[in-house]
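Understanding the architecture of this molecule
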Number of protein chains: 2
Amino acid sequence: MSIIRQDPTTREWVIIAAERNRRPHEHPRPVRTGSQPPDTGFCPFCPGHEASTPDEVLRVPDSGGTGWAVRVISNKFPALGVGGGLERREPGPLFREMDGVGTHEVVIETPSHERSLPLMTDREVAHVLRAYQARYRSLRRDPRLKYIIIFKNHGEAAGTSLAHPHSQLVATPVPPMLLRRKYEVAVAHYDDTGRCLYCDIAEEERKAKSRVVLETDRFLVFHPFASRVPFETWITPKRHQPSFGQVSEEDLRELAPVLRRTLRALYDRLGDPDFNYIIHSAPAEDENKDYYLWHIQILPRLTTIAGFELGSGIYVSTMRPEDSAAVIRDHEQATAVQGSA
Amino acid sequence: MSIIRQDPTTREWVIIAAERNRRPHEHPRPVRTGSQPPDTGFCPFCPGHEASTPDEVLRVPDSGGTGWAVRVISNKFPALGVGGGLERREPGPLFREMDGVGTHEVVIETPSHERSLPLMTDREVAHVLRAYQARYRSLRRDPRLKYIIIFKNHGEAAGTSLAHPHSQLVATPVPPMLLRRKYEVAVAHYDDTGRCLYCDIAEEERKAKSRVVLETDRFLVFHPFASRVPFETWITPKRHQPSFGQVSEEDLRELAPVLRRTLRALYDRLGDPDFNYIIHSAPAEDENKDYYLWHIQILPRLTTIAGFELGSGIYVSTMRPEDSAAVIRDHEQATAVQGSA
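Going along each chain's sequence as written, the residues are numbered from 1 onward. Chains and ligands are labelled sequentially in the order written, the chains with letters from A and the ligands with numbers from 1. Reporting in this predicted model follows two pLDDT cut-offs: at least 70 for local features of residues, and 80 or more for side-chain atom pairs to be given and counted; totals over whole chains, interfaces and linings ignore these cut-offs and use all residues. Only hydrogens and water are removed before side-chain values are computed, so all heavy atoms of the structure are retained for them.

1. Some thoughts on the overall build of chain A
Keep this limit in mind: Elements are defined by DSSP. Helices are runs of H or I of four residues or more, strands are runs of E of two residues or more, and each kind is numbered from the N terminus. Burial here depends on accessible area, computed with a 1.4 Å probe over protein chains only, as a share of the maximum for the residue type. Under 20% is buried, over 50% is exposed, and the range in between is partly exposed. Every residue pair with non-hydrogen atoms within 4.5 Å of one another is taken to be in contact. Only four residue types enter the tally: Lys and Arg on the positive side, Asp and Glu on the negative side, with His and both chain ends excluded. Charge positions come from single atoms, namely NZ of Lys, CZ of Arg, CG of Asp or CD of Glu.
What chain A contains, in helices and strands, is six helices and 15 strands. Taking the principal axes of its C-alpha atoms as reference, chain A extends roughly 55 × 55 × 40 Å. Relative to its 341 residues, chain A shows a buried fraction of 60%. Across chain A, every contact between residues at least 6 apart in sequence was considered, and the portion connecting residues at least 24 apart equals 66%. Both charge centroids of chain A, one from 44 positive and one from 46 negative side chains, sit 2 Å from each other.

Structure below.
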């Protein structure tokens, strides 16, 4: 079982997921949130190998021969698990820890080993989003879980452990510090103005235009004013919607092509870049408040996070978001991408 | 000139250092805080090539034939520079930016292209520390600079741009969010207890012993309770000393072998791992307060920071610090490392 410890200098939580039976003298074997274990040639996510994965949690059926479009399974090397309690322990003054309670699931996005999200059809992407949402809504009901994060790692620099296209869901018993920070700022804005900060940001980006790469009826896609990496991209709903769990079927049918086209433009223009994306959402207990807006943050991993970023928390980007957005807009025009059914 | 922009969702600052004359359609060329430009075979840091580096800021002389033991130069691709003013601009509601004022220097640690810090003598390491401190003390006097961070990237996974052993100093006009956070927590502890948080942590680690890897008269070396990566290592002074600028010559003569042995143990045990280290120090204006303790944080880069960490701020480590510390202690005993003069 993993443990969660609090850093007394920042009050942030760190998960320590050491495997019980691994001898301490071995080099750490990475947990499968981001890692590079050796490529054995056998893919546990491919069709026909279902028995080699941990318990299946959800299956989105498909009319094709493989029987499934999307599978959600428990992570074989989870950062957090179902055993344990929520009470904090204090092994020493200043040292606080608790059991690694939570969940860690893997969303196998497609039966195809090769065809990642940017190359899928809109229908296939919609299947993935529905799977995300079904699991999100299910986990949201567990009162021990304070925050649910859905994320994708694509490529080695982004920490991919397996090539077969997949995403992950982790539910944590403590709100992450980054969320606390974003929430604090969002609540302060609401107190000052009576409005949702993210809705205001999206509106300002729409008006400014220089960083917008795509706009549809329900969604806005832009490169944020203070992008931390070149081609950082956000997808936000245009109407107030705090939680990803609240996305309707109609919203989702429009979100699928928006996500696909956004990823496809990066794929084409940057040559299948390694990237992460994260779906940020209001904590379960705050879903009906006015403060927050769920959004998808895409981070291409073209450069390495190094000592300056790790030591200060200040990112250094080598491209203005106005310029990266212009690159993508030009590309979209040049290729006149048609949505695929 | 670079610009510094504030992310309206977190109020943290991001540096955008786009090169003026680079065409926007080119892939971003990384700023040399952490990047992997192509290896041309020519090393600008090697002796004889001094004319190919930007202005020299400091030289530590050596009695050997090369004439220098350490050189400090301006960074050729700086994240921050001397031009510009401190006033914030607001290109739009919610969008705040300022000129990228600050400094960015490179410390060339040795004339030797191959022999990195873990393989140096204590005397050579002491030269490097003196150079760090001389620049730190000089920059500290500039009232525009709110924070000075000294860091080292070693190896590609840690974001090294050049192989020749080097570190960097960056001085920023805004306090980084990470520092604000650490400071906030340290001040609260002081208000509660009347004591310096870091001094208390070091004392608790000394008593616990299970995570200590080395102790000398003036310094303690341990793997923190909530280590975010396997083999994360901190070096702290044992006496209250808020700023790295306050380290005395006697302290420094003891710190050099401590740093060398600590890095050497990681080098030997983990096979020359890629790593970052950061020297954290009290902000210039708070150097005489009781809240903070300068410390060196060493982060081996054995695993990749991925979507979960980027999205939540929660690190996942695959090794308990008690186990990693035991590995290093066993190694130290087995090799009975002797300090070299």
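2. Here we look at the sheet that holds strand E9 (residues 166–172) of chain A
Residues and elements named next belong to chain A. For the record, the criterion: Between any two strands, pairing holds if DSSP finds at least two bridges. Helix axes are fitted to C-alpha atoms over the stretch in contact, other axes to C-alpha atoms as well, and angles between N-to-C directions run from 0 to 180 degrees.
Across the sheet, 10 strands lie side by side as E3-E4-E7-E9-E8-E13-E14-E12-E11-E10; this open sheet has antiparallel pairing. The outermost strands of the open sheet, each flanked by one partner alone, are strand E3 (56–61) and strand E10 (212–215). For this sheet, the mean inter-axis angle between neighbouring strands, taken without regard to orientation, is 15 degrees. Direction of pairing for strand E11 (residues 219–222) relative to strand E12 (residues 233–237): antiparallel, over a ladder of four bridges. Its bridge partner lying in E12, Leu220 is registered against Thr236. In this fold helix H3 (residues 197–208) packs onto E10, E11, E12 and strand E14 (295–300), with an angle of close to 70 degrees to the strand it touches most, E11.

3. Looking at empty space enclosed by the protein
Heads up, the rule is: A 1.4 Å probe that fits into a set of points on a 1 Å grid over the protein atoms alone but cannot get out defines a cavity; an open set with protein on both sides within 12 Å along at least five of seven lines defines a pocket, and lining residues are those with an atom within 4 Å of a point. Grid points are joined across faces, edges and corners, and a volume is the space filled by probe spheres set on the points. Three classes are used: nonpolar for Ala, Val, Leu, Ile, Met, Phe, Trp, Tyr, Cys and Pro, charged for Asp, Glu, Lys and Arg, and polar for all others, with Gly counted as polar.
Considering all chains together, one arrives at eight cavities of 30 Å³ or more under this definition. Lining the second largest cavity are 14 residues; nearest its centre among them are Pro224(A), Phe225(A), Trp234(A), Asp7(B) and Pro8(B). Within the lining of the second largest cavity, the residues separate by chemical class into eight nonpolar, two polar and four charged.

4. Concerning the relation of the copies chain B and chain A
Test applied: Residues reaching a pLDDT of at least 70 in both copies supply the C-alpha atoms on which the copies are superposed by least squares.
Structural alignment of chain B on chain A gives an RMSD of 0.0 Å, achieved by rotating through 180 degrees and translating 0.0 Å along the axis. Taken together, these values place the two copies in the relation of a two-fold axis. The fraction of interface residues of chain B whose copies in chain A are also interface residues reaches 100%, indicating that both copies meet through the same surface.

5. Structural notes on the interface of chain B and chain A
Put simply, the rule is: Each reported salt bridge corresponds to a side-chain nitrogen of Lys or Arg within 4 Å of a carboxyl oxygen of Asp or Glu. Definition of a polar contact: a pair of N or O atoms within 3.5 Å, with one able to donate and the other able to accept a hydrogen when the atoms are protein atoms, and with sequence-neighbouring residues admitted only if both atoms are side-chain atoms.
Contact residues are listed per partner, giving 94 residues for chain B and 94 residues for chain A. On the surface where chain B and chain A come into contact, there are six salt bridges. Its salt-bridge partner being Glu12(A), residue Arg228(B) comes within 3.6 Å of it at the nearest N-O pair. Scanning the region where chain B abuts chain A turns up 20 residue pairs in polar contact (both at pLDDT 80 or more). Within the side of chain B that touches chain A, the residues separate by chemical class into 47 nonpolar, 23 polar and 24 charged. One ladder, built from two bridges, connects strand E15 (residues 316–317) of chain A with strand E2 (residues 13–16) of chain B; its direction is parallel. Across the sheet, residue Ser317(A) finds its bridge partner in E2(B), namely Ile16(B).

6. Some words on helix H1 (residues 122–139) of chain B
Basically, it comes down to this: Working rule for helices: expected span equals 1.5 Å times residues minus one.
The end-to-end C-alpha distance of H1(B), which contains 18 residues, comes to 26 Å, matching closely the 26 Å that a straight helix rising 1.5 Å per residue would cover. Within H1(B), burial applies to Asp122(B), Val125(B), Ala126(B), His127(B), Val128(B), Leu129(B), Ala131(B), Tyr132(B), Gln133(B), Arg135(B), Tyr136(B) and Leu139(B).

7. Notes on the nonpolar core
For clarity, the cut-off: Nonpolar core, defined: a set of buried Ala, Val, Leu, Ile, Met, Phe, Trp, Tyr and Cys residues in which side-chain atoms within 4.5 Å join the residues together.
Ile15(A) and Ile15(B) are the most contacted members of the largest nonpolar core, which has 88 residues in total. Ile15(B) has contacts with Phe308(A), Ile314(A), Tyr315(A), Val316(A), Ser317(A), Ser2(B), Ile3(B), Ile4(B), Ala79(B) and Leu80(B), leaving out every residue within four places of it along the chain.

8. What about helix H6 (residues 321–335) of chain A?
Helix length check: H6(A), at 15 residues, gives a terminal C-alpha distance of 21 Å against a target of 21 Å (1.5 Å per residue), a fit within 8%. Inspection of H6(A) places Pro321(A), Glu322(A), Ser324(A), Ala325(A), Val327(A), Ile328(A), His331(A) and Glu332(A) among the buried residues, and these make up the whole buried set. Lining the buried residues of H6(A) we find E10 and helix H4 (249–270) of chain A together with strand E1 (3–6) and E2 of chain B.

9. Side note on the environment of Leu145(A)
Residue and element names in this part refer to chain A. Looking at the secondary structure, you find Leu145 in the loop between helix H1 (122–139) and strand E8 (147–154). The exposure class of Leu145 is buried, given its relative accessible area of 4%. Considering only alpha carbons, one finds Leu145 and Val170, 25 residues apart in sequence, at a separation of 9.7 Å. The contact partners of Leu145, leaving out residues within four places of it in the chain, are Gly102, Thr103, Leu139, Ala171 and Thr172.

10. What to know about the packing of H1(B) against helix H4 (residues 249–270) of chain B
Residue and element names in this part refer to chain B. Using the following cut-off: Our angle categories are set so that under 35 degrees counts as roughly parallel, over 145 as roughly antiparallel, 65 to 115 as roughly perpendicular, and the remainder as oblique. Crossing handedness is read from the near helix: turned anticlockwise from the far helix by less than a right angle, it gives a left-handed crossing, and turned clockwise, a right-handed one.
Interaxial distance between H1 and H4 falls to 8 Å at its minimum, and their mutual angle equals 125 degrees. By the angle class used here, H1 and H4 are oblique. The chirality of how H1 crosses H4 is right-handed. The segment H1 lies against H4, with Asp122, Val125, Ala126, Leu129, Arg130 and Gln133 engaging Glu249, Leu252, Arg253, Leu255, Ala256, Pro257, Leu259 and Arg260.

11. Side note on the sheet that holds strand E14 (residues 295–300) of chain B
In a beta sheet, neighbouring strands are held together by backbone hydrogen bonds and run either parallel or antiparallel to one another. Residue and element names in this part refer to chain B. If you trace the 10 strands from one edge of the open sheet to the other, you get E3-E4-E7-E9-E8-E13-E14-E12-E11-E10, paired in antiparallel fashion. Pairing within the sheet leaves two strands with one partner each, and these edge strands are strand E3 (56–61) and strand E10 (212–215). Neighbouring strand axes in the sheet, compared pairwise and without regard to direction, differ in orientation by 15 degrees on average. Bridge analysis of strand E8 (residues 147–154) against strand E9 (residues 166–172) gives five bridges, and the strand direction is antiparallel. Paired with Ile149 across the strands is Val170, a residue of E9. Sheet strands in contact with helix H3 (residues 197–208) are E10, strand E11 (219–222), strand E12 (233–237) and E14, and its direction is about 70 degrees off that of E11.

12. Things to note about the confidence of the model for chain A
As a reminder, the rule being used: Summary of the metric used: pLDDT quantifies the predictor's per-residue confidence within the range 0 to 100.
Residue-level pLDDT values for chain A average 89, and 91% of them are 70 or greater. Contacts from residues 20–26 of chain A, a stretch scored under 50 in pLDDT, to residues over four places away or in other chains number 13 contacts.

13. Quick notes on unusual backbone geometry
Positioned with a positive phi, Asp272(A) is a non-glycine residue whose angle comes to about 50 degrees. Mapped onto the secondary structure, Asp272(A) falls in the loop between H4 and strand E13 (275–280). Asp272(A) gets classed as partly exposed once you look at its relative accessible area, which sits at 34%. Non-glycine residue Leu94(B) carries a positive phi angle of around 80 degrees. As for its position among the elements, Leu94(B) is in the loop between strand E5 (89–92) and strand E6 (95–99). Judged by relative accessible area, which is 26%, Leu94(B) ranks as partly exposed.

14. Here we look at the state of the cysteines
All names here are of chain A. For clarity, the cut-off: The rule for a disulfide is simple: a pair of cysteine sulfur atoms within 2.5 Å.
Tallied over the full model, the rule gives zero disulfides over all chains. Cys46 takes part in no disulfide bond, and the closest cysteine sulfur to it belongs to Cys43, at a distance of 3.8 Å. Unpaired in this structure, Cys196 has its nearest cysteine sulfur neighbour in Cys199, at a distance of 3.1 Å. The exposure class of Cys196 is buried, given its relative accessible area of 6%.

15. So, the packing of aromatic side chains
To describe a pair of aromatic rings, you give the distance between the ring centres and the angle between the ring planes. Test applied: Two rings from Phe, Tyr or Trp (for Trp, the six-membered ring) form a pair when their centres sit within 6.5 Å of each other. Planes less than 30 degrees apart are called stacked, planes more than 60 degrees apart edge-to-face, and all others tilted.
Scanning the model with the defined rule gives 24 aromatic pairs over all chains in all. Plain terms: the ring middles of Phe151(A) and Phe308(B) are 5.8 Å apart, the flat faces sit at 45 degrees to each other, and that makes the pair tilted. Residue Phe151(A) is found in strand E8, and its partner Phe308(B) is found in helix H5 (residues 307–312); the two belong to separate chains. Here Phe151(A) and Phe308(B) have matching classes, each one buried.

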